[in-house]
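Single-letter residue listing:
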Amino acid sequence: MRYVLVSGGVISGVGKGIIASSTGLLLKTLGLRVSCIKIDPYVSVDAGLMAPAEHGECFVLCSGGEVDLDLGNYERYLSVRLTSDHNITTGKTYLNVIERERRGDYLGKTVQIVPHITDSIKDWIRRVSKIPVDGSSDEPDVCIIELGGTIGDIESMPFIEALTQLRHEAGSGNFMVIHVSYVPTVHGEQKTKPTQHAVKSIRSYGLIPDIVACRCETPLAESTIAKLALHCQVEKDQVLVVRDMPTIYQVPLLLSEQKLIPQLRSKLALDRVTISPAMAARGADLWETWKTVVTPIYQDEVKIALVGKYVTCQDAYLSVVKALEHSAMRIRRKLNLMWINSEDLEPTNKGGAAQTKYHKAWHDVSTASGIIVPGGFGHRGTEGMMKVSQWARENEIPFLGVCLGFQVAAIQYARDKCGMPEATSEEFDAQAKDRVVVNMPELDREKMGGTMRLGLRKTIFQPDSEWSRARSLYGGVEVIEERHRHRYEINPELVETLEKAGLHFVGKDETGQRMEIFELKDHPFYIGTQFHAEYQSQVLNPSRPYLGFVAASAGCLDAVIKQQPVEPFNMITVNGTAK
């Protein structure tokens, strides 16, 4: 097994995840099988109970694992399916060691950070790195390891020690370190001191960077590169200038331009790896397709309003945004995404700034070509979500409701069309009379962590649903599988009432009792999904509901549907022109 460690210095959020994903993609284009591991030094066992407004979204795997959002980047770039074990946390590591200590596995020894915690980390990495993730039964050739946080953080120390030991044990040609740093520009001068100190720090722990990837707003001067190489004790060609790009999907092109592939070949001794002609050809095709898809040749834009309750932290909707971007790239449109706080859409008696926000929010909604209401939890902002779902329905604006968006749109429909003006959700009012959305009875109401309906679940398209646009986007199949993360569902007792009023539940679970997809028949595009289709969207294979939504917003839905089922990498033909 060959390992590529991606670490970060100077500041957090410097772009380690994108550089790790991009490095993995470049390795795949050589015909290699690639896996990824994310190390998060926080004490939480997983990301399931972290506030999205603080930490960003919780990404859900096929297995139902709730993990860091960077695993979503890996899956989107590399077209792999990871497991919960591909996300290592301090909480998981200590829990594992403590459980072993309680069982007596250490035979009375004093359990310590070194060697017991560090050995547990190394054993975890070795085991997980061998898990096949690309749909085959073959072990990966290379494992990308991203170390979260910043070098020097106290919570990272056990992981840094374990990785230092792993580097030594893996041997020459099997371990490579890419250290991502930030080079700020102050009063027009590019400052190298922060990067110098970051590299000095990581070297002091025994991890020697093979590549120093310098994040910067503008390209670095040759003199700056030479200075960094000198003081970081690397050659100039080992300093990569990772400037801001128009889209993150062009970072692999930038890294290729910066000659990262020859460095990977050399540092990982890839000439000793046997690559089959079929895998090499597949990798070459992947690279050509990637360059075609991510190179912008957009002529028109599509304006989408994202109405949510966590818009102050845009990473809370990361997978949603990526699915929209993938779809826009597929139909060759430039995505113009407007972020709207759902609370701002609610009528207010307050004057001044509140009224200004209210009018601006509704102005943005009224100018959008499509409206999406993504998931969330709690009552705050849901009245605004309901109002915007009503507006899209009555004005025939393409609408996509996801999870909570699916539920609030159904509630608003019940208020407007079913004679239930007080309709609500049990989540908002447990004592209400008309609860259109209820708690799933089989779930644990006391314990919160890992107790929702999670992971890949089947949805069955119902008889006589051949007219459904959602079904057409999936190629007319009867059964699909998408990932879920929810605690509440549409009240089975009110399904017949809603359907008689015109809200068709075209997709249900295997029992027929749990609603998965609703759709309006006489509307250009009005669809809600209980599942999170965005979790399976990939750069070269967009999520079907999102692709349909963006296409409907751009006025080319029929062209997209005619070409379903869409195989990965195909472009869409619009007005007779291949895009």
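Going by what an unreviewed UniProt entry lists, the protein is known as CTP synthase and is assigned to Thermothielavioides terrestris. Quoted straight from UniProt, the Sequence similarities (unreviewed entry) entry for the protein says "Belongs to the CTP synthase family." Under the UniProt heading Pathway (unreviewed entry), the entry covering the protein gives this text: "Pyrimidine metabolism; CTP biosynthesis via de novo pathway; CTP from UDP: step 2/2."

K.L.:
Would you mind going over the nonpolar core with me for this structure?
P.N.:
Within soluble globular proteins, side chains that are nonpolar generally end up buried alongside one another. With 53 residues, the main nonpolar core has Leu27, Ile144, Ile178, Leu270 and Trp290 as its most contacted residues. At six residues, helix 1 (residues 16-29) tops the list of elements feeding residues into this core. In this structure, this core is formed jointly by two domains, domain 1 (2-293) and domain 2 (301-441 + 451-563), each of which donates at least three residues. Among the nonpolar cores identified, the runner-up in size contains 42 residues, and Val307, Met385, Leu494 and Phe505 belong to it.

K.L.:
I keep staring at the layout of surface pockets and nothing clicks. Help me out?
P.N.:
The gaps of empty space that remain are located by a probe, the size of a water molecule, rolled over the atoms. Quantified by volume, the largest pocket comes out at close to 1000 Å³. Along its surface, the largest pocket is lined by 41 residues, and Ile18, Leu69, Asn73, Asp315 and Leu318 are the ones closest to its centre. Elements supplying a minimum of two residues to the lining of the largest pocket: helix 1, strand 2 (34-40), helix 2 (52-55), helix 3 (70-78), helix 12 (318-330) and strand 13 (333-341). Residue assignment places the lining of the largest pocket across two domains, with domain 1 (2-293) and domain 2 (301-441 + 451-563) each supplying three or more.

K.L.:
Could you clarify how one ought to interpret the sheet that holds strand 15 (residues 399-402) in this entry?
P.N.:
Picture the strands of a sheet paired through backbone hydrogen bonds; they go either parallel or antiparallel. The strand order 13-12-14-15-23-22-21-18-19 describes an open sheet built from nine strands, whose pairing is mixed. Two strands in the sheet have a free side with no partner beyond their single neighbour: strand 13 and strand 19 (479-486). Adjacent strand axes in the sheet meet at a mean angle of 30 degrees when their direction is disregarded. Where strand 21 (residues 503-508) lies against strand 22 (residues 515-520), five bridges are found, and the strand directions are antiparallel. Directly across from Leu503, in strand 22, lies its bridge partner Leu520. This element, helix 13 (residues 353-367), spans strand 12 (300-308), strand 13 and strand 14 (370-373) of the sheet and lies at about 150 degrees to strand 13.

Parameters and conventions
Residues numbered from 1 in each chain as written. Predicted model: local features only at pLDDT ≥ 70, side-chain atom pairs only at ≥ 80, totals over all residues. Heavy atoms only, no water. UniProt positions renumbered as here; feature names shortened; annotations may be inferred. Core = buried A, V, L, I, M, F, W, Y, C linked by side-chain atoms within 4.5 Å. Buried < 20%, exposed > 50% of the residue type's maximum accessible area, 1.4 Å probe, protein only. Helix = DSSP H or I, 4+ residues; strand = E, 2+ residues; numbered from the N terminus. Domains from an automatic or database assignment. 1 Å grid on protein atoms, 1.4 Å probe; cavity = no way out; pocket = protein on both sides within 12 Å on 5 of 7 lines; lining within 4 Å. Points joined across faces, edges and corners; volume = space filled by probe spheres on them. Pairing = 2+ DSSP bridges. Axes fitted to C-alpha atoms, helices over the stretch in contact; angles between N-to-C directions. Contact = heavy atoms within 4.5 Å.

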